[in-house]
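Reading the structure
Okay, here's what each chain looks like letter by letter:
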Amino acid sequence: QVQLVESGGGLVQAGGSLRPFCAATEQTLSTHAMGWVRQARGKEREIVAAINWSGGSTYYADSVKGRFTISRDNAKNTVYLQMNSLKPEDTAVYYCAADRNSRGLVYYAVQYDYWGQGTQVTVSS
């Protein structure tokens, strides 16, 4: 069982930046594929970004490509999501997720096994 805790969300104006992060409380994250998934009010969860176990491979949804960067520091058991040039449509609860078995990229939200509690990101226009 992996327990994940997110932090770093908040309220920002359009064009601003945030850097939420996710830490594992007890177990190591270093062998797990990780991802950030968001859910806006009234919408389904959608994958935003994914990263493999080493950090050498990443994936981004078209809607955030060029603006968001996912990274990880396995020594600190932490995964980051640098969000730049934020838009009002980025407003959502952002969840950190881990896959139990895969070390590669996991592209679909439904594939993840462990989830954090979520952190709210609100972008005002």
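Quick summary incoming for the structure in this document. Since the model is a prediction, treat every value here as computed from it, not as a measurement.

A short note on the pairing of strand β9 (residues 92-98)
- With respect to burial, β9 is a largely interior element, 6 of its 7 residues being buried.
- Bridge analysis of strand β4 (residues 34-39) against β9 gives 6 bridges, and the strand direction is antiparallel. Across the sheet, the residue bridging to V37 is Y95, located in β9.
- In terms of strand pairing, β9 meets strand β11 (residues 119-124) through 3 bridges, oriented antiparallel. Directly across from V93, in β11, lies its bridge partner Q120.
- Of the strand pairs in this sheet, β9 and strand β10 (residues 114-115) are connected by 2 bridges, and their pairing is antiparallel. Among the inter-strand pairings, A97 is bridged to a residue of β10, identified as W115.

Conventions and cut-offs
Residues numbered from 1 in each chain as written. Predicted model: local features only at pLDDT ≥ 70, side-chain atom pairs only at ≥ 80, totals over all residues. Heavy atoms only, no water. Buried < 20%, exposed > 50% of the residue type's maximum accessible area, 1.4 Å probe, protein only. Helix = DSSP H or I, 4+ residues; strand = E, 2+ residues; numbered from the N terminus. Pairing = 2+ DSSP bridges.

Just distances and angles here, no functional claims.
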